[in-house]
Each structure stands twice: as structure tokens, then as C-alpha cells.
Amino acid sequence: MANDTLEPAMKHQITIEGGSAFSVAADEDTLLRGALRAGIALPHECSVGGCGACRFDLLSGLVESIWPEAPGLSERDRKRGKHLACQSRPLGDCTIRVRCDDTYRPVVSPGRWAAVLQARRELTPDMSEFTFAVHAPAEFRPGQYALLYPPHAPGARAYSMSNLPNADGIWQFVIRRVPGGAGSNALFDQVEIGQTVTLDGPYGHAHLRDDNARDIVCIAGGSGLAPMLSVARGALAQEGARRVHFFYGGRSQPDLGAMAALDDLVGDNRLALSVVLSAPGPELGWQGPTGFVHAEVERVLVAPLDRFEFYFAGPPPMIEAVQALLMHTHRVPFEQMHFDRFV
């Protein structure tokens, strides 16, 4: 098979008031993903309806909403006629109003691929590493994410890559099974080795930056381990002497199985690894630090913290706690903090 790119047939023309125009596939594509594939700097964060960063005004034409109840729109937004670009499928040519921002311009043009599940490795009782392959190079930046379309689960699910870009077309993800989560449970229970799912990507702004010499701090909570693995691997693969301080926060001892994903990094003298558990089981004899991962970061790192470049991923409360620690307590400039919002 020479090319597994999923190319659409018919397209609709989308015009941004006073600005650019781009096309969106008529069969399944959303307005946001059509814009990003065209290199348009349309604001976005999570790409799955949660954050609201991709709100726009529809000036002419018709769109249908894939997820009308998406939490990224408030009731006030709906009354004002706002739409989410990541959840809007054009039904014809449209004109929209949105303020583009060059910081959202894709660093790698996303594409849609037929991805074959090659392997699944259990890391913890509820978290596994999934390996997919496509018939094209896997082009992305360390720290970015892709959208997977699990069978029998409506819509897309965003998962960060844990590996590095490669010519072999391998995309790896560390995915946590969410209780009651249709997408993650479908991937765990309904996708067998050799089966195919649609992969759409890459997306995301929290990718590894190459243009500075600061030491890097990676802070991961839960399945936020995946993008931090990719960032750490990317940084350690670069020439130079900058170090990587890697912090992983789990809940209890079973979460320590996730450390198997770090096996290829352990032993590099530029990596410093810290693991903390927030609620270890007393019967299992944990001798390491306890508490929240952001507190462990402050305990271990020597101030001033603005001499580091920070990357972090995990549950929203962890993201908020890390932001507060860095911005308000230690006055770390916002441009030295890199994270994607998933809510």
C-alpha cells in the first residue's frame, strides 16, 4: 500500500472575514482541522470541545455541531450564537469571524491516517502503551498530541505521543483507561492487534523548543506521562549539555509500573528523575517522597526557577497548581512554560 492518507473528496470553502480562505472536507472534517491543515493560525487548545479556545462567529453559511453540549461553550456563548471550530462541520461554503494568532500556526501540518495497532503493553492496571503504525513517516514535534477515533465511540479523543518522530511511521501513546470513558474503553477492549483506527495529527503547542540552552523540567501526572516522555527523549537526543529534570506524580504504588516507559532514559547522566506518590498504601512500604508533584518540584529544584524551561502535562488540578507555583510564587515568565489544556 503506497499511501494510507485519508484524503477527502468534496470540500467547502471557508472565508475568514477580512483575511484568509481555506477549504474543509465535506465528508467528516471539522472547521478547525481544515484550517490547521491549510496552515491557518486559528486559536485552539484541546481540539475536542473542552477548552473553548476555538470559538468563532458564523457570518454566513451553515454548520452542524458534532457535540452540541460541548463544555467549551458557556450558556452565554450559545445565546450569543458562538460556535466551536473543533466541533463544527460546515454544510456548505461559510464566512466566519475569528481573530487568528500566529502563535497557533501549526509547526507540522496535520494529516489523517489509517493507523494499525501493532502492540499494546500494560504499564499499570489502568494504563497501557499503544503502538500504531502508518504507511508514512511519523512527523510531529516532541510533546504534541494526535486525535484517535476509537470504534463505537462518537467523535475524536486526544492522546499525546510518547515517542519521537521517525521515518518508520510509528506513533506511540500512553493511555489511561477512564472509568466510564467510551473512547479509552473502546481502545482497550475493542481494538485488537492488527486492527485499524483513524489517526489525525499532530496538534498542540506544548512541543519541545530548540532555540534555548536552559535546562528542562518535565512534570507529569498520570497519563500526562506520555508527552513528557517525548519531550525528555527529544531533549536528550539533542546535542549539548542541558539537563532534564523529570518529575512523575502518581497516586499509589501500582502507578509505579508506568516507570517502565522510562527504561530507555534511565542511565543517561543528563537525566534526574524524581517520583512522588500522593496517597501510597501504607501496607506496601513506600519509602519515597509523598505529596503532590508540584510541591516535590519546589522541594527538589534550587531557586531561582526562572532559569529553567518547564513542560508539564496531567489532570487539570495539577496543571493549575503548577501554574500557580511557577507564575505567582516564583515569577517564572509565561513563555518558559509549555502545556496544552485538556478539560
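It should be noted that the structure appears before, not after, this text.
Being a predicted model, the structure only gives us computed values, none of them experimental.

S.K.: I'd like a rundown of the overall build of the protein chain, residues and numbers included.
M.R.: Looking only at helices and strands, the protein chain features 6 helices and 18 strands. Scaling as 2.2 N^0.38, a compact globule of 343 residues should have a C-alpha radius of gyration of about 20 Å, and the protein chain matches this with 20 Å. A total of 343 residues make up the protein chain; the buried ones form 52% of that total. The contacts of the protein chain with a sequence gap of at least 6 include a subset with a gap of at least 24, amounting to 71%. Working note: accessible area of the protein chain is about 15,200 Å², and carbon and sulfur atoms make up 51% of it.

S.K.: How would you sum up the environment of isoleucine 66? Please name residues and give values.
M.R.: Note that isoleucine 66 resides in the loop between β4 (63-65) and α2 (75-79). As a C-alpha pair, isoleucine 66 and cysteine 86 span 20 residues in sequence and 8.8 Å in three-dimensional space. Filtering out sequence-adjacent residues up to four positions away, isoleucine 66 remains in contact with Thr30, Gln87 and Arg89.

S.K.: Describe in detail the pairing of strand β9 (residues 127-133), supporting the description with residues and values.
M.R.: β9 sits mainly inside the fold: 7 of its 7 residues count as buried. Side chains Met127, Glu129, Thr131 and Ala133 of β9 all project onto a buried face; the interleaved residues Ser128, Phe130 and Phe132 project onto the opposite face, where all are buried too. Examined bridge by bridge, strand β8 (residues 111-124) and β9 share 7 bridges and lie antiparallel to one another. For threonine 124, the partnering residue across the bridge sits in β9 and is methionine 127. What sits between β8 and β9 in their antiparallel hairpin is a turn of 2 residues.

S.K.: I'd love a proper account of the side chain of threonine 30, names of residues and values included.
M.R.: Checked against the element boundaries, threonine 30 lands in the loop between β2 (21-25) and α1 (31-37). In this view, threonine 30 contacts Val24, Ile66, Ala85, Cys86 and Ser88; residues no more than four positions away in its chain are not counted.

S.K.: How would you summarise a positive patch on the surface if you had to cite specific residues and measurements?
M.R.: Taken together, the side chains of Arg55, Arg76, Arg80 and Arg341 make up a positively charged region of the molecular surface. You can see arginine 76 is positioned in helix α2. Judged by relative accessible area, arginine 76 falls into the exposed class, the value being 59%.

S.K.: Outline the state of the cysteines, listing residues and values.
M.R.: Any covalent bond linking the sulfur atoms of two cysteines counts as a disulfide. Tallied over the entire structure, the rule returns 0 disulfides. Its sulfur unpaired, cysteine 51 is 3.8 Å from the next cysteine sulfur, which belongs to cysteine 46. A disulfide-free cysteine, cysteine 54 has its sulfur positioned 3.7 Å from the sulfur of cysteine 86, the nearest such atom.

S.K.: I'd like a description of helix α4 (residues 225-237), backed by residues and values.
M.R.: Its 13 residues give α4 an end-to-end C-alpha distance of 18 Å, which sits within 8% of 18 Å, the value for a rise of 1.5 Å per residue. Most of α4 is tucked away: 12 of the 13 residues are buried. Of all the residues in α4, the buried ones are Leu225, Ala226, Pro227, Met228, Leu229, Ser230, Val231, Ala232, Arg233, Gly234, Ala235 and Leu236. Contacts from the buried residues of α4 go to β11 (157-160), β12 (170-176), β14 (215-221), β15 (244-250), β16 (271-277) and β17 (308-313).

S.K.: Which residues make up the packing of aromatic side chains, and what are the values?
M.R.: Here the structure, examined in full by the defined rule, presents 7 aromatic pairs. Seen in terms of ring centroids, phenylalanine 334 and phenylalanine 339 are 6.3 Å apart; in terms of plane orientation they differ by 85°. Their pairing is edge-to-face. Through a chain of ring-to-ring contacts, three or more aromatic side chains come together here, namely Phe312, Phe334 and Phe339.

S.K.: Now, about the nonpolar core: what can you tell me, with residues and values included?
M.R.: By size, the foremost hydrophobic cluster in this structure holds 27 residues, and its most contacted members are Ile216, Cys218, Leu225, Met228, Val244, Phe246 and Tyr248. Among the elements of the structure, β14, α4, β15, β16 and β17 are those that each provide at least two residues to this core. Ranked by residues supplied to this core, first place goes to α4 with 8 residues. If we skip the residues at most four places from it in the chain, leucine 225 touches Ala220, Phe246, Tyr248, Ala258 and Ala261. The next biggest cluster of nonpolar side chains, apart from the first, holds 26 residues, and it includes Ile14, Ala35, Phe56 and Ala70.

Conventions we followed
The written sequence of each chain sets the order in which its residues are numbered from 1. Local features in a predicted model are, by the rule used here, given only for residues with pLDDT of at least 70; side-chain atom pairs are given and counted only at 80 or more, and totals for whole chains, interfaces and linings are based on all residues. Heavy atoms throughout the structure, all of them, feed into the side-chain values; hydrogens and water do not. For the purposes of this entry, the term helix denotes a DSSP run of H or I that reaches at least four residues, the term strand denotes a run of E that reaches at least two, and both are numbered from the N terminus. Radius of gyration: C-alpha atoms only; globule rule: 2.2 Å multiplied by the number of residues to the exponent 0.38. Only protein chains enter the accessibility calculation, which uses a 1.4 Å probe. A residue is then buried if its area is under 20% of the maximum for its type, exposed if over 50%, and partly exposed in between. We call two residues in contact when some of their heavy atoms are within 4.5 Å. Here the accessible surface of atoms and residues is derived via Shrake-Rupley with a 1.4 Å probe, and residues count as covered only by protein chains that are part of the display. Any two strands between which DSSP finds at least two bridges are classified as paired. Exposure above 30% relative accessible area and no salt bridge define the residues that can form patches, which grow by joining like charges within 9 Å and nonpolar side chains of Val, Leu, Ile, Met, Phe, Trp and Tyr within 5 Å. The salt bridge criterion pairs a side-chain nitrogen of Lys or Arg with a carboxyl oxygen of Asp or Glu, the two atoms within 4 Å. Positive charge is attributed to Lys and Arg, negative charge to Asp and Glu, and no charge count is given to His or to the chain ends. Note that the charge is assigned to NZ on lysines, CZ on arginines, CG on aspartates and CD on glutamates. The definition used for a disulfide is geometric: two cysteine sulfur atoms within 2.5 Å. Expected helix span is computed as 1.5 Å times (number of residues minus one). Two rings belonging to Phe, Tyr or Trp (six-membered ring only in the last case) form a pair when the distance between their centres is within 6.5 Å. Interplanar angles under 30 degrees mark stacking, angles over 60 mark edge-to-face geometry, and anything in between is tilted. Side-chain atoms within 4.5 Å link the members of a nonpolar core, which is a set of buried Ala, Val, Leu, Ile, Met, Phe, Trp, Tyr and Cys residues.

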